Amino acid sequence: MTHWLSLIVAAPAVAALLLIAVPASARLLVRWVSLAGALVSLFGSIEVARQYDTVAGGLQLVESYPVVPSLGIHLTLAVDGWGVSLLLLTGIIIVAGVMATWTLKDREKEFYIFLLVLVAGVFGVFVSQDLFIFFLFYEIAVLPMYLLIGIWGSSQAVTEAGPFRYVWKVLDIGGKQYAAMKLTLMLLVGSAFILAAMFGLYVAAGSSSFDLAHLGSVKYDRTLQLWAFPFLWLGFGSLAGVFPFHTWSPDGHASAPTAVSMLHAGVLMKLGAFGIMRVGMVLLPEGALTWAPLVGGVAVVNIVYGALSAMSQKDLKYIIAYSSVSHMGIVLLGAATLTPNGWNGAVYQMFAHGIMTGLFFALVGLVYERAHTRLIGKMGGFARVMPGVAVFFTLAGLSSLGLPGTAGFVAELLVFLGAYQSAHSWWAIPAILGAFITAVYVLRAVRAIFWGKGPSREFSELSDARGTEWAALWILGLSLIAFGVWPDLILVFIDRTTPDYLLLVLAGGAP
Amino acid sequence: MTLGWADFAPLAIDLALVAAILIVLIGDLAGGPRAGRGIGYLCGILLLGLFAGSFFLDLSGPSMGGTYVGDAWSTFFKRLFLAAGALAIFGSADHVARHTPTRQSEYHLLILFSVLGMSLLPGARDLLLLVVAFELMGLPLFVLAAWAKTDDPRGVGRHAPEAALKLYLVGAASTAITLFGLSLIVGLSGTTNIDAWIRTAPSPLWFAGGFLVLAGMGFKIGAVPFHFWVPDTYQGSSTPFVAFLSVAPKLAGFAALIAIIHRGLGAGLLHRPTLVTLAVASILLGNLLAVAQTDVKRLLAFSGIGHIGFMLLAFLPGTTESIQMLLFYGGAYVVTNIGAFLIVEQVEDAAGGSSIDDFAGLVYRSPSLATAMLLFLLSLAGIPFVVGFWAKLYVFLAAWEAGLQWIVVLGAIVSVVGLFYYLQIARAMFMRKPAAEAPPLGSSLGMTFAISLCLAAVVVLGAFPAPLLGEAEAAAKAFVAKPTGAR
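Residues numbered from 1 in each chain as written. Chains lettered and ligands numbered in written order. Predicted model: local features only at pLDDT ≥ 70, side-chain atom pairs only at ≥ 80, totals over all residues. Heavy atoms only, no water.

So, about the overall build of chain B. The secondary structure content of chain B amounts to 19 helices and two strands. Relative to the compact-globule value of 23 Å for 487 residues, chain B shows a C-alpha radius of gyration of 21 Å, a close match. With respect to the principal axes defined by its C-alpha atoms, chain B has extents near 70 × 60 × 45 Å. Classification of the 487 residues of chain B by burial places 62% in the buried group. Expressed as a percentage of contacts within chain B between residues at least 6 apart in sequence, the contacts between residues at least 24 apart total 80%. Counting every atom, chain B has about 16,600 Å² of accessible surface; 70% of that belongs to carbon and sulfur. Counting 26 positive and 25 negative side-chain charges, chain B places the averaged centre of each group 4 Å from the other. (Helix = DSSP H or I, 4+ residues; strand = E, 2+ residues; numbered from the N terminus. Rg over C-alpha atoms; globule rule 2.2 N^0.38 Å. Buried < 20%, exposed > 50% of the residue type's maximum accessible area, 1.4 Å probe, protein only. Contact = heavy atoms within 4.5 Å. Areas by Shrake-Rupley, 256 points an atom, 1.4 Å probe, with all protein chains shown as cover. Lys, Arg positive; Asp, Glu negative; His and termini not counted. Charge placed at Lys NZ, Arg CZ, Asp CG, Glu CD.)

Helix and strand content of chain A: 20 helices and two strands. The C-alpha atoms of chain A give a radius of gyration of 22 Å, which matches the 24 Å a tight globule of 511 residues would have. Dimensions of chain A, computed from C-alpha atoms along their principal axes, come out at roughly 70 × 55 × 50 Å. Looking at chain A residue by residue over its 511 residues, the buried ones come to 66%. Residue pairs at least 24 apart in sequence account for 81% of intrachain contacts in chain A once pairs closer than 6 positions are excluded. Accessible surface, chain A: about 16,900 Å² in total, of which carbon and sulfur atoms supply 70%. Each charge class in chain A was averaged separately, 26 positive and 25 negative side chains, and the resulting centres sit 12 Å apart.

Counting residues at the interface gives 33 residues for chain A and 29 residues for chain B. Counting each side, the surface lost to burial between chain A and chain B is near 2,800 Å², with a carbon and sulfur contribution of 85%. Among the residues of chain A in contact with chain B, Tyr146, Gln177 and Phe199 of chain A are the three that bury the most area, contributing 19% of the side total. If you look at where chain A meets chain B, you find zero salt bridges. Linking chain A with chain B are three residue pairs in polar contact (both at pLDDT 80 or more). (Buried area = accessible area lost by both parts, 1.4 Å probe. Salt bridge = Lys/Arg side-chain N within 4 Å of Asp/Glu carboxyl O. Polar contact = N/O pair within 3.5 Å; in protein donor to acceptor, adjacent residues only side chain to side chain.)

Okay, the pattern of salt bridges next. Residue and element names in this part refer to chain B. Considering all chains together, one arrives at 23 salt bridges over all chains under this definition. Here aspartate 14 and lysine 78 are joined by a salt bridge, their closest N and O atoms 3.2 Å apart. A residue pair is termed long-range when its members are at least 10 positions apart, and aspartate 14 in helix α1 (residues 12–31) and lysine 78 in helix α3 (residues 72–99) qualify at 64 residues. Residue aspartate 14 is classed as buried on the basis of its relative accessible area, which comes to 3%. With relative accessibility at 2%, the residue lysine 78 sits in the buried group. Among the ionic pairs, arginine 125 bridges to aspartate 195, the shortest N-O distance being 3.9 Å.

Another point: the packing of aromatic side chains. In the structure shown here, the tally under the stated rule is 45 aromatic pairs over all chains. Between tyrosine 138 of chain A and phenylalanine 236 of chain A, the aromatic rings sit 5.4 Å apart at their centres with planes inclined by 90 degrees, giving edge-to-face as the arrangement. A residue pair is termed long-range when its members are at least 10 positions apart, and tyrosine 138 of chain A in helix α5 (residues 131–142) and phenylalanine 236 of chain A in helix α10 (residues 222–240) qualify at 98 residues. Each of the two residues, tyrosine 138 of chain A as well as phenylalanine 236 of chain A, counts as buried. When the centroid spacing of 5.1 Å and the interplanar angle of 70 degrees are considered together, the rings of phenylalanine 360 of chain A and phenylalanine 393 of chain A count as edge-to-face. Of this pair, phenylalanine 360 of chain A sits in helix α15 (residues 340–371) while phenylalanine 393 of chain A sits in helix α16 (residues 387–400), placing them 33 residues apart in sequence. Each member of the pair, phenylalanine 360 of chain A as well as phenylalanine 393 of chain A, carries the same accessibility label: buried. Grouped by ring-pair contacts, the aromatic residues Phe132, Tyr202 and Phe210 of chain A together with Phe328, Phe389, Trp390 and Tyr394 of chain B constitute a single cluster. Over the aromatic face of tryptophan 147 of chain B sits the side chain of arginine 103 of chain B, whose NZ or CZ is 4.7 Å from the ring centroid. (Phe/Tyr/Trp six-rings, centres within 6.5 Å; stacked < 30°, edge-to-face > 60°. Lys NZ or Arg CZ within 6 Å of the ring centre and 35° of its normal.)

Residue and element names in this part refer to chain B. As a packed pair, helix α7 (residues 204–221) and helix α10 (residues 248–265) sit with axes 9 Å apart at the nearest point and diverge in direction by 170 degrees. The orientation of α7 relative to α10 falls into the category roughly antiparallel. Together, Trp206, Gly210, Val213, Leu214, Met217, Lys220 and Ile221 of α7 and Lys250, Gly253, Phe254, Ala256, Leu257, Ile260, Ile261 and Leu265 of α10 make up the contact between the two elements. Its residues assigned to classes, the contact of α7 with α10 shows eleven nonpolar, two polar and two charged. (Axes fitted to C-alpha atoms, helices over the stretch in contact; angles between N-to-C directions. Parallel < 35°, antiparallel > 145°, perpendicular 65-115°, else oblique. Nonpolar A, V, L, I, M, F, W, Y, C, P; charged D, E, K, R; others polar.)

This part takes up a nonpolar patch on the surface. Residues and elements named next belong to chain A. A contiguous nonpolar patch, built from Ile481, Val485, Trp486 and Leu489 and spanning about 400 Å² of accessible area, is present on the exposed surface. Secondary-structure assignment places valine 485 in helix α19 (residues 468–485). With relative accessibility at 60%, the residue valine 485 sits in the exposed group. (Patch = residues over 30% accessible without salt bridge, like charges linked within 9 Å, V, L, I, M, F, W, Y side chains within 5 Å.)

Let's shift gears to the pairing of strand β2 (residues 73–79) of chain A. Residue and element names in this part refer to chain A. When you tally the buried positions in β2, you get five out of seven residues, the bulk of the element. Of the strand pairs in this sheet, strand β1 (residues 60–68) and β2 are connected by six bridges, and their pairing is antiparallel. Looking at β2, one finds that serine 64 is bridged to threonine 76. Between the antiparallel neighbours β1 and β2 lie four residues, among them glycine 72 with a positive phi of about 75 degrees. (Pairing = 2+ DSSP bridges.)

What follows deals with the side chain of histidine 246 of chain A. Residue and element names in this part refer to chain A. Structurally, the position occupied by histidine 246 is in the loop between α10 and α11 (248–255). For histidine 246, a relative accessible area of 2% gives the class buried. When sequence neighbours within four positions are dropped, the list of residues in contact with histidine 246 reads Gly241, Tyr305, Tyr322 and Val325.

Attention shifts here to the packing of α5 of chain A against α10 of chain A. Residue and element names in this part refer to chain A. At a minimum axis separation of 13 Å, α5 and α10 run at an interaxial angle of 30 degrees. The angle between α5 and α10 falls in the class roughly parallel. The hand of the α5/α10 crossing is left-handed. Contacts from Phe134, Tyr138 and Val142 in α5 reach Gly235, Phe236 and Leu239 in α10. Per-class residue counts for the contact of α5 with α10 are five nonpolar, one polar and no charged. (Left-handed = near helix turned anticlockwise from the far one by under 90°.)

This part takes up α1 of chain B. For α1 of chain B, built from 20 residues, the straight-helix expectation of 28 Å at 1.5 Å per residue is met to within 8% by its first-to-last C-alpha distance of 27 Å. The elements touched by buried residues of α1 of chain B are α2 (38–53), β2 (68–70), α3 and α4 (104–120) of chain B. (Expected span 1.5 Å × (residues − 1).)

With that settled, the discussion passes to the environment of valine 48 of chain A. All names here are of chain A. Secondary-structure assignment places valine 48 in helix α2 (residues 27–51). With 412 residues separating them in the primary sequence, valine 48 and serine 460 have C-alpha atoms 47 Å apart. Residues contacting valine 48, with those up to four places away along its chain left out, are Trp4, Leu5, Ile8, Leu61, Val79, Val84 and Leu87.

Moving on to the confidence of the model for chain B. Residues and elements named next belong to chain B. Across chain B, pLDDT averages 87, with 96% of residues at or above 70. Mean pLDDT across the secondary structure elements of chain B bottoms out at strand β1 (residues 61–63), with 84, and peaks at helix α12 (residues 296–315), with 93. Our summary of model confidence lists the complex with pTM equal to 0.87 and ipTM equal to 0.79. (pLDDT = per-residue confidence, 0-100.)

Structure, rendered in structure tokens:
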């Protein structure tokens, strides 16, 4: 039994524990301990990717420890090809996230403790093979968010206009505490549905084990499949940003501090999509096949609606946040196609979008920290004072609209292909339209911020990225290009696992 | 009936408790007010000692001709009550010493008497002993509820007489209702032996008896619609006492309910519609009304009503598994709720009030208290890795397996409402600045000890629930299995 997976999960948690002992005044030490925890996880993930045998496939590096034996709950960790790629994504994002928030000034110690606890939860979800433990880690990944956004977030001035301005004011809409509460409550309502579906599966499978393999080996009756799948879809979907349960995402991501936005949009939303595919579709094939038209239809709405919403935003962070909603639609569309290309594309898009949106939020944080505004109307000509930031922002934008040579292209191509090959070929049309709208709003934002006239006098003294911020940008930027030019780096893992699971769905769903 | 030595062994803890009460009485006579808060600490240590002792003594076996039976069931409850009493006494010692320095031992003695009543209750197999034990538990509580009263009409504790009177009137009325119901049952069955009831054929009067017992006990545990005394009493009484009142008597109520309804009458199914109504109403009303509260004590009171609803959910099926989950919930609730109320006590003591505003910026005044409170709140809300999560999960699982899926979905969603109002307190503690003049908060020795114990239990059981779950399983198996002669 190897311990690489428990090492990956435990490293951030141990670092968080160590941080409790570090005095808050030792500010550099706090950062180095956090970075060390993140780096151990990243190198652990790389090592796991190296050890994963793509010929054998299946679940590897299995570890198992009993937790509540009487209920059949075991801490079973193992990794499949999807898990390998998502572990890598999380590792990259957390390292870049810690580096990008190196200049944080307020109560850093507590910030990093919560951040590391959260990321331990994320790692845990991707490797746990016990539905119950999966759910536990899922909750840990969601909950620290409340304090992270509520304390360290940034508030947007409330718009004093429109027929609902009084309500806006009373609810403090746009405020960070409002955003934090909204996000937490919406995601927990989702958890309630997940929990109910989980119980349903557990009881129907004989109340003996939460093991995913055991739950997957049972053929559930049609009634259970038909109600449990939408529960899981909506439950996990609220985290994946499924329309119309995505509304926490723009507020939450816009209000969150940089590293948290990176992690949340970059990785956490993927937990939702991963949950839908790994738990919802694989365990409930009949439900998945029956509901696939709805899942795909809503995903198409996500793509187009998210893109249109992003187009009409004036606040830079809201643009990126809505673009996440749109891009998560591509992941869900890929999942709904139930074709090999679609599923490969969905997982690849999780990876590519994670890196891309991580880079976006790191850059937005940089700009905001220097310019103290997020309104693009006030910006302009920033490329003259921060050329490095401008280059990376353009790179992320190009990946976002799916330019060949970037990771975004590979993912979108696969999903569009899958959509066309699926039973609902027309899905490809609005999806491609969405990519087109993306090009419009991304290029418009790039032009408005970095090019054109300016910078105006108040922004003429802004500085470019510095120190560890460069490191974060380079890691993410290089990954975008590397995985765009050489997709097989990751695709080899994804493609090894997709057919196994897809076969389960297609065979299990057959009458 | 002759009493032999064997009759005393199962009652060792209770007899030791009587001895402890005598020791404290004599100590008070000899030392009087000079003993200071030492008398409180002595009581706490005695209770903790008995708690520890319960793990080393063999308390099983019948006593007094089967009137009392010691088994895993009664021992489990004894431990819960002893722990609750010890935590509450350590938490109140400082409060009592400062507010009523000349009457300290009376306060602690009353708690001890109440714990003695509770301790006898779960093992009672005869209705007379059960009722006497229940009243021995309840009477000291009336006095304690009024303890905070002072002569200053505007001062702290001005609501204490109201709190006590409400508790007393409701308590007396509910006892009357319960006794009336029990008299019907005894009249029909002709015996006060709980285990013999099962041989009586059911009839409408039989059903009415059970129904009245449910209503009377509903007052005691504070389930909707018998809940209205709860928030007023909690708000008016002194907070460390509320820490005790909010958990121990409720669990004693459940012990009595399980004994009468499930073991005695075997009538859980018969009363299922009533119980479903009680549980759903408690869960909904408790949690929804808690949202509107600005006073933390009232908020915890309403949320407590919600928790009673969740416990009723586990009470309802009456199977071994479901009672096991109820017992686990009880254990988790004891440590979590006492811990939360003790922290409220410290904030209230410093600020003179217990509104959410008084919690503003607690993290700046005492990071450890704020963190502890956060963990207690998360446990109450049922968040993973603190014990409350397992409690809620097990209860939901029990209800699910009993075919109450819709209530589980409802309960899970209502739990999110719960998280909302708990987070309002967390938000005040962590995201707001303290009032300008608010000084750092320090804790007394006893308080630190009690809160640390609660916190340790919440965190350790949150990570490893198996030991408590195992104890609960043994207890449920010892009691809920049908007595001989079951139909």
